[in-house]
Each structure stands twice: as C-alpha cells, then as structure tokens.
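Breakdown of the fold
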Amino acid sequence: EDKVVQSPLSLVVHEGDTVTLNCSYEVTNFRSLLWYKQEKKAPTFLFMLTSSGIEKKSGRLSSILDKKELFSILNITATQTGDSAVYLCALRSSNTGKLIFGQGTTLQVKP
Amino acid sequence: DTAVSQTPKYLVTQMGNDKSIKCEQNLGHDTMYWYKQDSKKFLKIMFSYNNKELIINETVPNRFSPKSPDKAHLNLHINSLELGDSAVYFCASSPSPREKTPLHFGNGTRLTVT
C-alpha cells in the first residue's frame, strides 16, 4: 500500500533558524511528490517534484527529491514567524491521480 | 475571485441529521475531490470525480454520497450524521487525474456533530 511518513511531527524553532522537514514514502507507481503549507485554511501549494536531485527553490524555501532512497526534504532558511504552519507532504500515484498525504509537520517559529 | 469555494464554512448539527456541503471551482478543471482532515491534521481522500464520473471511491461509509451535477461542482451529502464525522472537509480540483499538476484546495468546511 502506498504510504507517506513525515518527520518530525512537530518542531519549535526561533526566528532566523534553519529547519529541515523530512518525507519518506513507499509507492508502487510514482508520479510526483508535492509539498503544501497549511495555515488556518486551505493547504497551499509549495513545490512539486518529479525528478531526483533537482532542487526546487522559492525564496527561503527549497526542496529536493531522492527517488532511489524514497525521500524528500523541505528546507526553510532564516525562518520567520510567518512560516509557522503545518507542512504536508503528498504522493501522487499514476493510476487515479489522488494525493496520499503524510501526517504533516507542525512548525512553530518563535520570535 | 475564489478558485475553489465551499459552503458552508462551518456546520454544527446534531447526530442523526442529514447535511450537505457544496463545492464549486471556476478553474475549468475536469477533476474534483473530497478530502477529510481529522483532528490530527491527517488529510485523507474520500472521493474523486472526473468530468462528472466517479473515479475514486475510498472506503467511506455509505452514508456519504457525492454528487457532481457538472464538472465545476461536486457536492457531498451525509446521511445520519455521527460524532465521528466531525472533521474539516476539503474540496479540491485539478486539470485531470493524470497531469502532473498540483491540486487546488478550497478553504474547508468545519463540520461539528453534537
């Protein structure tokens, strides 16, 4: 069965710190891996990764995928209080396109 | 201009009642989804429709029935509500089930069953 496991489940850091969030997965038919940020409402899309070793970057956030070792990481540098959220990793399988989500990592950035 | 909109935002109801949640998307997408997010923030797929046709139907009680009158709308009807149905329900859409594109989520409907 396809599965996504995120770690840590929660994290508390101070502004300016760098954090690394982990996502490991098991899948029979990989299509893509996605990262979302969820504050109070809708999960908002951050990155979609399909190929190993290619870093995706957006401002202070970056992500990379390793399809051989079956994991992805999301890095946030120089964290700000506005980065406080639940970060969700999701796997997209090729058969139906549904997203299988991990449990999420709750990040709290203290001033 | 909300891309995926759900109504209502909040729904408080008693056990045994029947309720509906509506979802509309104006992105021109062919595929729509319902996800349930429990108190631990775990998001789980319930249903998916592609161009009004059901393509995903996870292990969900028969009390839940999705309806897609057209490809821009996907409603969720829940019969005989139970305490365990309390959760946030998210609607989402994507261009198709097979394209490598992200899902766009609505803001969720928080259902509380008392």
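Taken as a whole, the largest pocket holds about 370 Å³ of empty space. Of all the secondary-structure elements, those providing two or more residues to the lining of the largest pocket are β9 (87-94) and β11 (109-113) of chain B. Of the residues that constitute the lining of the largest pocket, the class distribution is 5 nonpolar, 8 polar and 6 charged. In this structure, the second largest pocket spans a volume of roughly 300 Å³. For the lining of the second largest pocket, the secondary-structure elements that each account for two or more residues are β1 (3-7) and β10 (99-101) of chain A together with β5 (43-50) of chain B. Class assignment for the residues of the lining of the second largest pocket results in 8 nonpolar, 1 polar and 6 charged.

What follows deals with the interface of chain A and chain B. Listed by partner, the interface residues are 22 residues for chain A and 24 residues for chain B. Looking at the side of chain A facing chain B, the largest losses of area belong to R31, R92 and F101 of chain A, adding up to 26% of the total buried there. Our count for the contact surface shared by chain A and chain B stands at 1 salt bridge. A salt bridge links E58 of chain B to K98 of chain A; the shortest N-O distance between them is 2.9 Å. Looking at the side of chain A that touches chain B, the elements with two or more residues in it are β4 (30-38), β5 (44-49), β9 (85-93) and β10 of chain A. With 4 residues, the top contributor of residues to the side of chain A that touches chain B is β4 of chain A.

This brings us to the environment of W35 of chain A. All names here are of chain A. On the secondary structure map, W35 appears in strand β4. Using a relative accessible area of 0% as the deciding quantity, one classes W35 as buried. The spatial distance from the C-alpha of W35 to the C-alpha of L88 is 5.7 Å, given a sequence separation of 53 residues. There is a polar contact of 3.0 Å between the side chain of W35 and the side chain of S72.

On to the nonpolar core, then. Counting 21 residues, the largest nonpolar core has V4, L33, W35, Y87 and L107 of chain A as the members making the most contacts within it. Taken together, the elements giving at least two residues each to this core come down to β3 (19-26), β4, β5, β7 (61-66), β8 (71-76), β9 and β11 (105-110) of chain A. Core analysis: the next-biggest nonpolar cluster, separate from the first, contains 20 residues, V4, M46, F47 and A87 of chain B among them.

All names here are of chain B. An order of β1-β3-β8-β7 is seen for the 4 strands of this open sheet, with the pairing classed as antiparallel. Among the strands making up the open sheet, the edge pair consists of β1 (4-7) and β7 (64-70). Neighbour-to-neighbour, the strand axes of this sheet turn through a mean angle of 20°, independent of strand direction. Relative to strand β8 (residues 73-78), strand β3 (residues 19-25) runs antiparallel, the two sharing 4 bridges. Bridge assignment links I21 to a residue of β8, and that residue is L76.

All names here are of chain A. Taken together, the 5 strands give an open sheet; going across it, the order is β1-β3-β8-β7-β6, and neighbouring strands pair in antiparallel fashion. Each edge of the open sheet is held by one strand with a lone partner, namely β1 and β6 (56-58). Taking each pair of neighbouring strands and ignoring which way they run, the sheet shows an average axis angle of 15°. Both β6 and β7 contribute to a ladder of 3 bridges, which runs antiparallel.

So, about the side chain of D2 of chain A. Residues and elements named next belong to chain A. Along the chain, the position of D2 falls in the segment before β1. Buried charge without a salt bridge: D2, with K98 as the nearest opposite-charge side chain at an N-O distance of 6.6 Å. Polar side-chain contacts of D2 include one of 3.1 Å to the backbone nitrogen of T28. In contact with D2, not counting residues within four places along its chain, are E26, V27, T28, S93 and I100.

Reading guide: rules and limits
- Residues numbered from 1 in each chain as written.
- Chains lettered and ligands numbered in written order.
- Predicted model: local features only at pLDDT ≥ 70, side-chain atom pairs only at ≥ 80, totals over all residues.
- Heavy atoms only, no water.
- 1 Å grid on protein atoms, 1.4 Å probe; cavity = no way out; pocket = protein on both sides within 12 Å on 5 of 7 lines; lining within 4 Å.
- Points joined across faces, edges and corners; volume = space filled by probe spheres on them.
- Helix = DSSP H or I, 4+ residues; strand = E, 2+ residues; numbered from the N terminus.
- Nonpolar A, V, L, I, M, F, W, Y, C, P; charged D, E, K, R; others polar.
- Contact = heavy atoms within 4.5 Å.
- Buried area = accessible area lost by both parts, 1.4 Å probe.
- Salt bridge = Lys/Arg side-chain N within 4 Å of Asp/Glu carboxyl O.
- Buried < 20%, exposed > 50% of the residue type's maximum accessible area, 1.4 Å probe, protein only.
- Polar contact = N/O pair within 3.5 Å; in protein donor to acceptor, adjacent residues only side chain to side chain.
- Core = buried A, V, L, I, M, F, W, Y, C linked by side-chain atoms within 4.5 Å.
- Pairing = 2+ DSSP bridges.
- Axes fitted to C-alpha atoms, helices over the stretch in contact; angles between N-to-C directions.
- Lys, Arg positive; Asp, Glu negative; His and termini not counted.

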